[in-house]
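Geometric and topological summary
So the chains spell out like this:
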Amino acid sequence: MADNISREENSGSVSLLAVFPDLGPAADAIDKLRDLGLSDDYMNVISGIPVTEAMLGRPNQWTNVPRLAAGGSILGFCAGAFLVFVSPFLYPVPIQVGTQAFVPGPPTVVVLFELTMLGMLLSTFLGVFLDSYFPNYRPMEYVKEVSDGKIAIFFICPEESREKFTKAMTALGAEKVEVAEVEHL
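Here's what I pulled together on the structure shown here. Remember, predicted model here, so these are calculated numbers, not experimental data.

Quick notes on the rules
- Residues numbered from 1 in each chain as written.
- Predicted model: local features only at pLDDT ≥ 70, side-chain atom pairs only at ≥ 80, totals over all residues.
- Heavy atoms only, no water.
- Helix = DSSP H or I, 4+ residues; strand = E, 2+ residues; numbered from the N terminus.
- Buried < 20%, exposed > 50% of the residue type's maximum accessible area, 1.4 Å probe, protein only.
- Contact = heavy atoms within 4.5 Å.
- Areas by Shrake-Rupley, 256 points an atom, 1.4 Å probe, with all protein chains shown as cover.
- Salt bridge = Lys/Arg side-chain N within 4 Å of Asp/Glu carboxyl O.
- Pairing = 2+ DSSP bridges.

Right, let's get into the overall build of the chain. Of regular secondary structure, the chain possesses 5 helices and 6 strands. Its helices and strands in sequence order give the chain the pattern β-α-β-α-α-α-β-β-α-β-β, from N to C terminus. Taken over 185 residues, the chain has a buried fraction of 31%. Contacts in the chain between residues far apart in sequence, at least 24 positions, make up 84% of those at least 6 positions apart. With the model as given, the accessible surface of the chain reaches about 11600 Å², and the carbon-plus-sulfur share is 64%.

Okay, structure coming up:
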């Protein structure tokens, strides 16, 4: 799970990356970073496995995906309503099939449901796609150990406190704490 941290070009700060073998020490490290005075805006958890915010004691991330899904379902319902209720009247001569009603009930429900779900599915996919900043052409912080199941915490701390933060992370079980390098993946 990789969040985007807004970069502040500050000569008095350094970006560090601490690699932890498991989720427990990583959660303890986040608490320790808060105790040392860092806010959640200056921390980022990089993991190869899905880790929720609650597992690490972090605040929930704000996303537009539910709103986009709701909007897509409304658009899908409107498209279905157009197909069911308006399109039969667009023919110059109405087509009557036996004794069936001009807008029959059961097929109407199916078309409305399917197009509502299609609109929600497409807008949810688009929302997740855009929310994850994919494709991303700028360099990002990454550690190869993350692909092996490790959890990395990227954080920005004051340059003069670098040694204090490094010792605190090492004491909590960090396998390594190093300056984060920005690389193209």
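Here the focus is the pattern of salt bridges. Enumeration according to the criterion identifies 4 salt bridges in this entry. Across the salt bridge formed by Arg-34 and Asp-40, the nearest N and O atoms sit 3.1 Å from each other. Relative accessible area serves as the criterion here: at 22%, Asp-40 is assigned to the partly exposed category. Glu-175 is the partner of Lys-150 in a salt bridge, and the nearest nitrogen-oxygen pair spans 3.2 Å. Here Lys-150, found in the loop between strand E3 (140–141) and strand E4 (151–158), pairs with Glu-175, found in the loop between helix H5 (162–171) and strand E5 (176–179); they are 25 residues apart in sequence, far enough to count as distant. Salt bridges linked by common partners bring Asp-31, Arg-34 and Asp-40 together as one network.

Moving on, we come to the pairing of E4. For E4, a buried count of 7 out of 8 residues is recorded, marking the element as mostly surrounded by other parts of the structure. Summarising the sheet, strand E1 (residues 13–20) and E4 pair through 8 bridges and their orientation is antiparallel. The residue bridging Val-14 from the neighbouring strand is Cys-157, located in E4.

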